[in-house]
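Given next are the chains, with one letter for each unit.
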Amino acid sequence: MNKNPVVIIGAGPAGLAAGYELIKNKISPVILERSNSVGGISRTESYKGFHFDIGGHRFFSKNDAINRQWQEMLGPDFLQVKRLSRIYYQKKFFNYPLRPVNAFLNLGPIESFLILLSYCRASVSPQPEEISFEEWVINRFGERLYLTFFKTYTEKVWGIPCKEIRADWAAQRIKGLSLFVAVSNALFGGGQKAKSLVEQFYYPKLGPGMMWQRFKDRIIAGGGEVRFNSEVFSIRHENGTITAVEYSNGTKAEKINAENFISSTPISYLVKLLKPQPPAEVLESAEQLAYRAFIIVVLIVDRPELFPDQWLYVHSPRVQVGRIQNFKNWSRSMVPDQSKTSIGMEYFCNVNDRTWKMADKELVAMACREMEEMGFCQVSEVIDSFVVRQSHAYPVYDSTYKKNLLNIRNYLDNFNNLQTIGRSGMHRYNNMDHSMETGILAAKNCYGEHHDVWAVNEEKSYLEEDRPVKEIPVVPEKVLIRAFARIDKFAFAVALGTICGLLVSSATLWIISRGGDVLNSHLRLLAQYFIGYTVTVKGAFIAFGYSFFWGFLFGWFFAYLRNLFLAVYIFRIKRKVELMSLKDFFDNF
Ligand SMILES: Cc1cc2nc3c(=O)[nH]c(=O)nc-3n(C[C@H](O)[C@H](O)[C@H](O)COP(=O)(O)OP(=O)(O)OC[C@H]3O[C@@H](n4cnc5c(N)ncnc54)[C@H](O)[C@@H]3O)c2cc1C
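Each chain carries its own residue numbering, running from 1 in the direction its sequence is written. Residues qualify for local features only when their pLDDT is at least 70, as the model is predicted, and side-chain atom pairs are given and counted only at 80 or more; totals for whole chains, interfaces and linings, by contrast, use all residues.

Student: Account for the overall build of the chain, naming residues and giving values.
Tutor: In terms of regular secondary structure, the chain is built from 19 helices and 19 strands. Out of the 589 residues in the chain, the part that is buried amounts to 41%. A helix here means a DSSP run of H or I that spans at least four residues, while a strand means a run of E at least two residues long, and both kinds are numbered starting from the N terminus. Residues with at least 20 other C-beta atoms within 10 Å of their own are called buried, those with 12 or fewer are called exposed, and the rest are partly exposed. The C-beta atoms themselves are positioned from the backbone.

Here it is in structure tokens:
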């Protein structure tokens, strides 16, 4: 029986990127997709001509190759969008990152003062331990700001109290911009735009699905196959080799074999598909990997405009909605009739919890009520609606996920022709670009290259060597560190005092040795400041003492002021970095 060269499970960004990479190398893959569309979580759904994402999907990447591929696929249909996304709290819009004047005007003088007070308290006496996300934020921004802006939203997203979210997990998510990069940016102005500073992004004219549709078309044009409604339900293996996968095509079961298999199905699901079954401890680890789910309730509102943002973060505890998308502001072509607005009300939940199980009618009623409660429109203005549920939206990084993931990875390493890619496929917070990158590397491994797919988006940043040249810092880090080092006040003062003392005393001795008159008369003027000074050997010692004293004093103050100035400067940049990083943090959920 002829073997297919590669079978790919899933036609999301990861699977399609893998497929396209293979096509470019004249290998024809077969992609099995359980749904009837491409794009996975990044797909675009349509309802009566209104297009919408499963949560808004911004296209931006640090990887030039991915950017080029996106541009090449869509050309002029890849729109550049200037980002506007604010926090909606107590019927007011707050800029994010928070801007002092905007926050002051919205919160009023009393609340602003209380926030400042609590911020000062946290700076002066921070909590000694930072175990939870709550402690992490309070130590940096104060309790009041935390309660106002961070607690509610984070708890809506994760469904657990911030006290139970670990600080190290938060810190891992919050590292878009290092202090070094920020200082370098501030000093040398825009030498490198870190991820957090991206204020614009790309977006396909008809939503992200348009991008994945083009990938699919190219794969098919190149001789590959994308089989829809094809859910893989079993993966057969023998002696460490995957031999075939079985899938249901809606009416009957089919079997397909291949030399290589690439999977973007959730990794916890993948191990359950393996036949024979993996050992019990691997299955148990798979059982314990958790995912957060997501529901988007689309409301068509009979109004041309509601707000100018692409999306709003809703921090108010009075409503359950976490984020509101305004698809028209991503691309005007997302709505067929410009006198209407389509809104995506995003609810974070778990599969089978109360929200997940609510009937569509109830969800729509809740979304309408909340829109009215927030003051955006009247319930009567909502003329139509549509609901989409998305499982496996967010891999959960709980206290046991690392151990469980490692167990599974170790077991999967036993197979010589199986690779897992993508977001749920690797249980990692991969964005579309990361997901694609894992697919591309896995495809390359199929034709003889050797790449570590797990190195993509690992910990800090991914593929440093792929950074565009403009992102390389303009000065080496160690030069900046040296330039910003604190000056030892005493040492600097002694050094400056000694230099001044030696200069004046040796000038006096030099004049004496030359017996010159003109300079002599100038130096004598020093007696007005240095009482007892004469142009004599004794005077040289007196001059040394005085000059040393003034040099010491000047040196000490100079070092003190310079250290103070730098400390304030670094402190401001550090706060900015933390605020920008938190923006990253919210952006990623
Ligand atoms: C709310 C939200 C907002 C996001 N915003 C952004 C953003 O702004 N920018 C960004 O870059 N990223 C964003 N992401 C992340 C992005 O959606 C993912 O990185 C990307 O979709 C992952 O691609 P993937 O191919 O790995 O997986 P998926 O998108 O999950 O695709 C997997 C595919 O495999 C199919 N499949 C699964 N199991 C089987 C099976 N057994 N048989 C056959 N087919 C199967 C699925 O149907 C699916 O089509 C966001 C994610 C969420 C949840």
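From this point, the discussion proceeds with the structure in view.
Student: So what's going on with the site of the ligand? Which residues, and what values?
Tutor: To decide whether a residue is near a molecule or strand, its C-beta atom is placed from the backbone and checked for lying within 6 Å of it. Gly10, Gly12, Gly40, Gly55 and Gly422 are the nearest of the 34 residues found near the ligand. Of all the secondary-structure elements, those providing two or more residues to the shell around the ligand are helix H1 (13-24), strand S10 (231-238), strand S18 (382-395) and helix H15 (432-446). Side-chain classes follow a simple rule in which Ala, Val, Leu, Ile, Met, Phe, Trp, Tyr, Cys and Pro form the nonpolar group, Asp, Glu, Lys and Arg form the charged group, and the remainder, Gly included, forms the polar group. In terms of residue class, the shell around the ligand is made up of eleven nonpolar, 17 polar and six charged. Among the domains, domain 1 (4-79 + 199-263 + 420-451) and domain 2 (291-395) are the pair contributing at least three residues each to the shell around the ligand. Note that the domain bounds reflect an automated or database-derived domain assignment.

Student: Got a sec to walk through the confidence of the model for the chain? Specific residues and values, please.
Tutor: Low pLDDT means the predicted coordinates in that region are not meant to be read closely. Confidence scores per residue from the predictor, reported as pLDDT, run from 0 to 100. In this model, the chain carries an average pLDDT of 88, and 87% of its residues clear a pLDDT of 70 or more. The contact rule is simple: place each C-beta atom from the backbone, and if two of them lie within 7 Å, those residues are in contact. Every residue in residues 190-197 scores below 50 in pLDDT, and together they form 24 contacts with partners more than four places removed in sequence or on other chains. Overall, residues 460-474 carries pLDDT values under 50, and its contacts beyond four positions in sequence, including any with other chains, amount to 21 contacts.

Student: Report on the packing of helix H3 (residues 100-107) against helix H4 (residues 109-124), specifying residues and quantitative values.
Tutor: Structural elements are reduced to axes, namely lines fitted to C-alpha atoms, with helices fitted over the stretch in contact, and the angle between N-to-C directions of any two is expressed from 0 to 180 degrees. For the pair H3 and H4, the least separation of the axes is 6 Å and the interaxial angle reads 125 degrees. Of the possible angle classes, the one that applies to H3 and H4 is oblique. Residues Ala103, Phe104 and Leu107 of H3 form the contact with H4, whose own contacting residues are Glu111, Ser112 and Ile115. Its residues assigned to classes, the contact of H3 with H4 shows four nonpolar, one polar and one charged. Oblique is the label for every angle not falling under 35 degrees (roughly parallel), over 145 degrees (roughly antiparallel), or within 65 to 115 degrees (roughly perpendicular).

Student: Describe the nonpolar core, with residues and values.
Tutor: Core analysis: the largest hydrophobic core is formed by 114 residues, its most contacted members being Val6, Leu16, Ala18, Val297, Leu299, Met345 and Ala367. Element by element, the count of residues in this core is highest for strand S14 (residues 291-301), at nine residues. Taken domain by domain, the makeup of this core includes at least three residues from each of domain 1 (4-79 + 199-263 + 420-451) and domain 2 (291-395). Setting aside residues up to four positions removed in sequence, Ala18 forms contacts with Ile8, Ile262, Ile421, Gly439, Ile440, Ala442 and Ala443. Remark: nonpolar core denotes a set of buried Ala, Val, Leu, Ile, Met, Phe, Trp, Tyr and Cys residues whose joining runs through C-beta atoms within 7 Å. Val504, Tyr533, Ala543 and Phe548 belong to the second-largest nonpolar core, a separate cluster that totals twelve residues.

Student: Can you break down the packing of H1 against helix H9 (residues 208-221) residue by residue, with the values?
Tutor: Between two packed helices, what matters for the description is the angle formed by their axes and the separation of those axes. One way to put it is that H1 packs onto H9 with a least axis distance of 9 Å and a crossing angle of 35 degrees. Judged by the twist between their axes, the crossing of H1 over H9 is left-handed. Across from Pro13, Leu16, Gly19, Tyr20 and Ile23 in H1, the residues of H9 making contact are Trp212, Phe215, Lys216, Arg218 and Ile219. When its residues are assigned to classes, the contact of H1 with H9 shows seven nonpolar, one polar and two charged. Put simply, a crossing is left-handed when the front helix is turned counterclockwise from the back one by less than a right angle, and right-handed when it is turned clockwise.

Student: Give a detailed account of the sheet that holds strand S15 (residues 311-314), specifying residues and quantitative values.
Tutor: In any sheet, the strands associate via hydrogen bonds between backbone groups, in a parallel or an antiparallel arrangement. If DSSP finds at least two bridges between two strands, the strands pair. Reading across the sheet, the seven strands line up as S7-S6-S15-S16-S17-S14-S18 and stay open at both edges, with mixed pairing between neighbours. Each of the sheet's edge strands pairs with one partner strand only, and the pair in question is strand S7 (92-94) and S18. When strand polarity is set aside, the average angle formed by the axes of neighbouring strands in this sheet is 25 degrees. As paired elements, strand S6 (residues 85-89) and S7 share three bridges and run antiparallel to each other.

Student: Could you give an account of the pairing of strand S16 (residues 323-326), naming the residues involved and the relevant values?
Tutor: Of the two faces of S16, both are covered, the one formed by Arg323 and Gln325 as well as the one formed by Ile324 and Asn326. The pairing of S15 with S16 spans three bridges and is classified as antiparallel. Bridging across to S16, Trp311 finds its partner in Gln325. Pairing of S16 with strand S17 (residues 341-349) involves four bridges; the strand directions are antiparallel. The residue of S17 that forms the bridge with Ile324 is Met345.

Student: Which residues make up the environment of Glu370, and what are the values?
Tutor: Considering the arrangement of structural elements, one finds Glu370 in helix H13 (residues 360-374). When the C-alpha atoms of Glu370 and Val321 are compared, they prove to be 7.6 Å apart, with 49 residues separating the residues in sequence. Beyond its immediate chain neighbours, meaning those up to four positions away, Glu370 contacts Val319, Gln320, Val321 and Met345.

Student: Go over the pairing of strand S11 (residues 241-248) with me, naming the residues and quoting the values.
Tutor: Pairing geometry for S10 and S11, over seven bridges, is antiparallel. Opposite Val232, over in S11, you have Tyr247 as the bridge partner. Between S10 and S11, which pair antiparallel in sequence order, lie two residues; one of them, Asn239, sits at a positive phi of approximately 50 degrees. Where S11 and strand S12 (residues 253-263) come together, five bridges link them in antiparallel fashion. Its bridge partner being in S12, Tyr247 is matched across the sheet by Glu254.

Student: I'd like to hear about H1, residue by residue, with values.
Tutor: In this scheme, a helix's expected span is set at 1.5 Å multiplied by one less than its residue total. Taking 1.5 Å of rise per residue, twelve residues should cover 16 Å, and H1 covers 16 Å from first to last C-alpha, within 8% of that figure. With respect to burial, H1 is a largely interior element, eleven of its twelve residues being buried. Among the residues of H1, Pro13, Ala14, Gly15, Leu16, Ala17, Ala18, Gly19, Tyr20, Glu21, Leu22 and Ile23 are the ones counted as buried. Phi for Lys26, located one or two positions after H1, is positive at around 65 degrees.

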